[in-house]
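Fold and contact review
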Amino acid sequence: MSKNIKKIISFSIVSFLVFQILYLVVEPQKVIAATATDDVIVTLVVGSGITISAPGDVTMSPAISMVTNGSLGTVVWNVQTNNVTGYKLAVKASESPALVSGVNSFADYTEASSGVPDAWSVANGDKEFGFSALGTNTNTTTWGTGANCGTGSTPTATLKYIGFETSDRDVATQNTSTSIAGINTTVCFAAAQNNVFAPSGTYTAIITATATEL
Amino acid sequence: MKKFFLKKILVASLMSLFVLQAVYFALEPTLTNAATTSDSVTVTLNVTSGVSISDGANASMLPNVGIVANRSVGSSAWTVATNSVTGYTLGVRASTTPALRNGATDNFADYTATTPTVPETWSVASSTKEFGYSAYGTNVTAGTWGTHTDCGSTSTGIVATGSKYRGFTTSDVTIASNSGVTAVAGVTTNICFAAEQNGVYAASGTYTATITATATAA
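Residues numbered from 1 in each chain as written. Chains lettered and ligands numbered in written order. Predicted model: local features only at pLDDT ≥ 70, side-chain atom pairs only at ≥ 80, totals over all residues.

The number of helices and strands found in chain A is 2 helices and 12 strands. Its helices and strands in sequence order give chain A the pattern α-β-β-β-β-β-β-β-α-β-β-β-β-β, from N to C terminus. For chain A, the proportion of its 214 residues judged to be buried stands at 35%. Nonlocal contacts in chain A, meaning residues at least 24 apart in sequence, comprise 76% of its contacts between residues at least 6 apart. (Helix = DSSP H or I, 4+ residues; strand = E, 2+ residues; numbered from the N terminus. Buried ≥ 20, exposed ≤ 12 C-beta atoms within 10 Å, placed from the backbone. Contact = placed C-beta atoms within 7 Å.)

Written out as structure tokens, the structure is:
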């Protein structure tokens, strides 16, 4: 046992001496070099992220009745992203038609040209529910130039409306990151009956907005 | 000794693996969703129920009852519109008992059906004079009120074939109902009035009855 310890100590001392000699031989050469360079690459990853606000539920106003044929509602979603290529905001309904009360419903808004938002107009004998959008990142060619959702029960004439679908429809897009404050997009809801009575009751639609990094 | 260390290393490795897996499963959905985020709102629209009724025209019964004319008929109509999801009922009642009176001078008794609450074919017993009503229309039950489509002849005062009559009360009696929303134009219900004297003279004069129709959202 003590023999082994002796061997280890001896080996260690020999190794130490060898390294010392090597250092003394090599070190002056390095100093003699006088200038030496080395690069390091510093990497910082900025991970992309996106958030969407959670506004409260919407109760449309005024209530529709035998003498009131239209109703409006408004919701604002705020999106923040640091994604270098920006984001898009889309909305969809949970079911078709979107606005239902038991077995009764308002049909999804029917555009003159299917899939193309147009000025709010509900045909005689129909009752419909649709939406428009406005904000910094909405396309006014698509959604109109209106600056608010309307007054009383009348949608803003310069907004363009479309019916909900159960798949996403883009309402706003930006190709760069947003400010910390984010970007607001307003979605305007409209419902109307024209020469027909919507059966009394409470109608609800579940609308989901999804913000996606581009 | 060596075996013991190997075992410890193996156990430590397995535990580390499980911990890392758990952390991964906890964080993975969050990280994946970072590129897409959603929010849902519930949009509520209230449609309040209402019911409307038209202003029915006053009715002058014809022909006039006299010593040679024993019968007279009249009519009016109400149009009811409602958006009530459960529809409406339309009831009628008289303001007095009996309904058709000439002040304190005289009156026609309210029509006496065999079963008072069940309308029946018009028939006035001898030595009596009576006043009653029937109804027809889209929302009137033909089994109760008859199959007629008019009130009868204003020349003869004879009631329409197939009509069924009962007497007024001062409480509402339903003459029409619907279990759903009406068209905006509403639904018209016609009411027929009939009066007859049989083997007795009604004292001359002007007899009036005030009949109130009430539409109620069901």
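If you tally the helices and strands in chain B, you get 2 helices and 10 strands. In chain B, the succession of α and β elements from N to C terminus is α-β-β-β-β-β-β-β-α-β-β-β. For chain B, with 218 residues in total, the buried portion stands at 37%. Taking all contacts inside chain B whose residues are at least 6 apart in sequence as the whole, residues at least 24 apart take part in 76%.

At the junction of the two partners, chain A supplies 42 residues and chain B supplies 25 residues. Of all elements in the fold, only β1 (50-52), β2 (58-59), β3 (70-81), β11 (183-193) and β12 (201-213) of chain A reach the threshold of two or more residues within the side of chain A that touches chain B. At 13 residues, the largest contribution of residues to the side of chain A that touches chain B is made by β12 of chain A. Of the residues in the side of chain A that touches chain B, the class split is 24 nonpolar, 16 polar and 2 charged. Sheet topology places β2 of chain A next to strand β1 (residues 36-47) of chain B; 2 bridges connect them, and they run parallel. The residue bridging Thr59 of chain A from the neighbouring strand is Thr44 of chain B, located in β1 of chain B. (Nonpolar A, V, L, I, M, F, W, Y, C, P; charged D, E, K, R; others polar. Pairing = 2+ DSSP bridges.)

This part is about the pairing of strand β7 (residues 128-137) of chain B. Residues and elements named next belong to chain B. When you tally the buried positions in β7, you get 9 out of 10 residues, the bulk of the element. Here 2 bridges tie strand β6 (residues 106-110) to β7, and the two strands are oriented parallel to one another. Following the sheet pairing, Asp110 is matched in β7 by Phe131. Bridge count between β7 and strand β9 (residues 187-198): 10 bridges; the pairing is antiparallel. Bridge pairing in β9 links Thr128 to Asn198.

Residue and element names in this part refer to chain B. Across the sheet, which stays open at both edges, the 6 strands sit in the order β2-β3-β9-β7-β6-β5 with mixed pairing between neighbours. Looking at which strands have only one partner, the edges of the open sheet turn out to be β2 (51-53) and β5 (100-102). Going across the sheet, the axis of each strand differs from the next one's by a mean of 25°, ignoring polarity. (Axes fitted to C-alpha atoms, helices over the stretch in contact; angles between N-to-C directions.)

Attention now goes to unusual backbone geometry. In the segment running from Leu62 of chain B into Pro63 of chain B, the intervening peptide bond is cis, with an omega of -10°. Cis geometry marks the peptide bond from Thr97 of chain B to Pro98 of chain B; its omega dihedral reads -10°. Mapped onto the secondary structure, Pro98 of chain B falls in the loop between β4 (88-94) and β5. Despite not being glycine, Asn195 of chain A shows a phi value in the positive range, around 60°. Following the sequence through the fold, Asn195 of chain A ends up in the loop between β11 and β12. Note on Asn195 of chain A: 14 C-beta atoms within 10 Å, which makes it partly exposed.

Once that is clear, we can look at the environment of Ile67 of chain B. Within the secondary structure, Ile67 of chain B sits in the loop between β2 and β3 (71-82). Assessed through the 9 C-beta atoms surrounding it within 10 Å, Ile67 of chain B is described here as exposed.

Moving on: the sheet that holds strand β8 (residues 173-178) of chain B. All names here are of chain B. The 3 strands are arranged β8-β4-β10 in an open sheet whose pairing can be described as antiparallel. Each having just a single partner strand, β8 and β10 (211-217) make up the two edges of the open sheet. Averaged over neighbouring strand pairs, the angle between their axes works out to 20° when direction is ignored. Pairing between β4 and β10: 7 bridges, direction antiparallel. Paired with Ala94 across the strands is Ile211, a residue of β10.

Per-residue pLDDT for chain B averages 91, and the proportion of residues at 70 or more is 86%. The ipTM assigned to the predicted complex is 0.82, against a pTM of 0.81. (pLDDT = per-residue confidence, 0-100.)

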